[in-house]
Amino acid sequence: METTTLRQIGSHSRKLCQLLNSFSKTPQTCTELTTTARLLITGQQVVSHEPGELCVVRTEIYTGPETEQRPSHQLTAGGTFQIHVTVESASGSVLDEDNMPQTPPFTGQLNTGSYNKNLYQAKEEGYPGLYYHDNNLVSGSLEALIRHLVPTGDYYPDRTYIFTFLLSSRLFLRPYELMSRVCHLCMEQQRPGDPQADKMRVRKNAPKILQLLTEWTETFPYDFRDERMMRSLKELTHRLANGEEVYRKAVGQMSQGLIRRLTVLSQYEEALVKINATAAERLTALKAKPQASIQRDMLSICNDPFTVAQQLTHIELERLSYIGPEEFVQAFVQKDPLDNDKSCFSDHKKASNLEAYVEWFNRLSYLVATEICMPVKKKHRARVVEFFIDVARECFNIGNFNSLMAIISGMNMSPVSRLKKTWSKVKTAKFDILEHQMDPSSNFYNYRTSLRGATQRSITANSSREKIVIPFFSLLIKDIYFLNEGCANRLQNGRINFEKFWELAKQVSEFMAWKKVECPFEKDRKILQYLLTAPVLPEDALYLASYESEGPENHMEKDRWKSLRSTLLSRV
């Protein structure tokens, strides 16, 4: 069986970013992305499942002879793990409400004495069109699922359901269409009749409707960049705020929070544009005067691997924090076969923050390769290699698996791996351990074990440093993609397959917990600026720099070297 080396992982990740941009444009892209995702887990065959079926591998880590779990993923030379693996079907999984994204109720001035501490008791109303198995919702019509979302006088939907449906409903209709239907159902509850009865009904329903809207605006704020969403939101909240002062205050707080989150997002996007522009300018300057920047490299900025790993973690956590949970669904959204309209989300940004994060992985990989290939002296190149090995090890110990994988990917690029004289001067024992941890065989079994340990550590952590879990992001996307592709959105009878969406929400909600962690390390502006804007050579330029450092070894390399010299140097 052909296997994929770590060197290929970076190219798959880069291709994944390109495919995300074009996914909804052509049906062929779906097959292409499947191929790319499968390459990420070669070394073992991918088990295919029939639509509607999914197997989930769960790994539990134990250390030592006792049964007590002692999760740890510090990189050590010795030590053993006992691994317990179980496989169960997606239909057997139940979401844990405590682990789902939750919005505290605005209970300060509302009388919620009759409700439980999590908010309102979820009284199941026997909506026609909803189907259960062992008290778990497994399928239903779209209309019934929408009605199940809308609170009534004596019913408030379970929070796990709210998150799951708001996340997955965009596979069938746009968020503004869902908001319009929710508004319509809420208005129906306020039918004209006895004024006194209407007033009592508003007083009973308004807190719950406002709570639903608050959860929506806080968990999926990016939905409200659509003017149609804001129009429906304003219409509904205006009706609710016409009641008592407490409702007007709650509406004001919700609106201010939403505006604040959208403003911060816009500022982040503007900052990214400036950072990318600066990086492009510096690359242009490097091409114009290649020797001018040799004196300025990573080691001249900071020669402490732990500090650099901390600054990489700052970048990772910041960029993770801006990825909306809906982006994981919208990145792969396709036309609903029962919908005669065009594909969802073709009219606005779908997953721009997710794509920006994948691009950051690619940048870091190329930055590592650039830093290694640029120095003229072999001794200096070897020192740079050893430095980034130490940075990667510190990233592993922190729980920053994405930067770890980006560094390994950069070191395994062909322009770097071919530098045999340089590598002969490097002590590779630590690098071999890191490669073993991120070995792609058996569907990244070693990495998934380490990730499980980091996740367990995060759950029981007493400090923010121990809470850090930054997954290898391209693999996370692959997992969600295969979940989406491996299970049908609709059952053969036309009902929506809600079992699939429970599992989808479970994976995304775990990510939601990871992205909320505050980085505990002190920022170093100089290092951050370098990591984000230092010039990064494209692949052809990397090969040329590699050949200039250590000459071609065969006729094929000599021909490529000559071609690159004539092509690239003529542009300067």
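Structure shown above.
Scope of this entry: the structure provided in the associated data block. No experiment lies behind these values; they were computed from the predicted model shown. (Residues numbered from 1 in each chain as written. Predicted model: local features only at pLDDT ≥ 70, side-chain atom pairs only at ≥ 80, totals over all residues. Heavy atoms only, no water.)

Considerations on the overall build of the protein
This is how the line gets drawn: Only DSSP runs of H or I covering at least 4 residues are called helices, and only runs of E covering at least 2 are called strands; the numbering of each starts at the N terminus. Each residue's exposure class comes from its accessible area (1.4 Å probe, protein chains only) as a fraction of the maximum for that residue type: buried when under 20%, exposed when over 50%, partly exposed otherwise. We call two residues in contact whenever any of their non-hydrogen atoms come within 4.5 Å of each other. The Shrake-Rupley method, run with a 1.4 Å probe sphere, supplies the accessible areas, and residue values consider only the shown protein chains as cover.
When you go through the protein residue by residue, the secondary structure sums to 23 helices and five strands. Per-residue burial over the protein gives 53% buried out of 572 residues. Expressed as a percentage of contacts within the protein between residues at least 6 apart in sequence, the contacts between residues at least 24 apart total 78%. For the protein, the exposed area adds up to about 27000 Å²; of that, 50% sits on carbon and sulfur atoms.

A short note on the nonpolar core
Buried together is how nonpolar side chains tend to be arranged in soluble globular proteins. For clarity, the cut-off: Each nonpolar core is a collection of buried residues, namely Ala, Val, Leu, Ile, Met, Phe, Trp, Tyr and Cys, held together in the definition by side-chain atoms within 4.5 Å.
Counting 152 residues, the largest nonpolar core has Met298, Met411 and Phe473 as the members making the most contacts within it. Filtering out sequence-adjacent residues up to four positions away, Met411 remains in contact with Val368, Ile372, Val385, Phe388, Ile389, Val416, Ser417, Trp423 and Phe431.

So, the pattern of salt bridges
Selection criterion: Just to be clear on terms, a salt bridge is a Lys or Arg side-chain nitrogen sitting within 4 Å of an Asp or Glu carboxyl oxygen.
Under the counting rule described, the total for this entry stands at 17 salt bridges. Its salt-bridge partner being Glu143, residue Arg147 comes within 3.8 Å of it at the nearest N-O pair. Highlighted residues: Arg147 and Glu143, both in helix H3 (residues 142-149), separated by four residues, approximately one helical turn. The partly exposed category is assigned to Glu143, whose relative accessible area is 36%. A salt bridge links Glu143 to Arg181; its shortest N-O distance comes to 3.2 Å. You can see Glu143 sitting in helix H3 and its partner Arg181 sitting in helix H5 (residues 175-188), a full 38 residues away along the chain. Through salt bridges with shared partners, one network takes in Glu143, Arg147 and Arg181.

With respect to the environment of Tyr155
Operational definition: Whenever a nitrogen or oxygen atom comes within 3.5 Å of another N or O atom, the pair is scored as a polar contact, on the condition that within protein one atom can donate a hydrogen and the other can accept it, and that pairs from neighbouring residues in sequence are kept only if both atoms are in side chains.
Relative to the elements of secondary structure, Tyr155 occurs in the loop between H3 and helix H4 (159-168). Within the structure, the side chain of Tyr155 is placed 2.6 Å from the backbone oxygen of His148, a separation counted as a polar contact.

As for unusual backbone geometry
Of note in the backbone geometry, Ser442 takes a positive phi value of approximately 55° without being a glycine. Inspection of the secondary structure assignment puts Ser442 in helix H18 (residues 441-459). Accessibility expressed as a relative area gives 37% for Ser442, which makes it partly exposed. Phi is positive for Asn443, which is not a glycine, with a value near 55°.

Re the environment of Tyr547
In this fold, Tyr547 is placed in helix H22 (residues 539-549). Separated by 128 residues in the primary sequence, Tyr547 and Leu419 place their C-alpha atoms 8.7 Å from one another. With residues near it in sequence (within four places) discarded, Tyr547 still touches Arg418, Pro552, Glu557, Arg560, Trp561 and Leu564.

Purely geometric stuff here, so don't read any function into it on its own.
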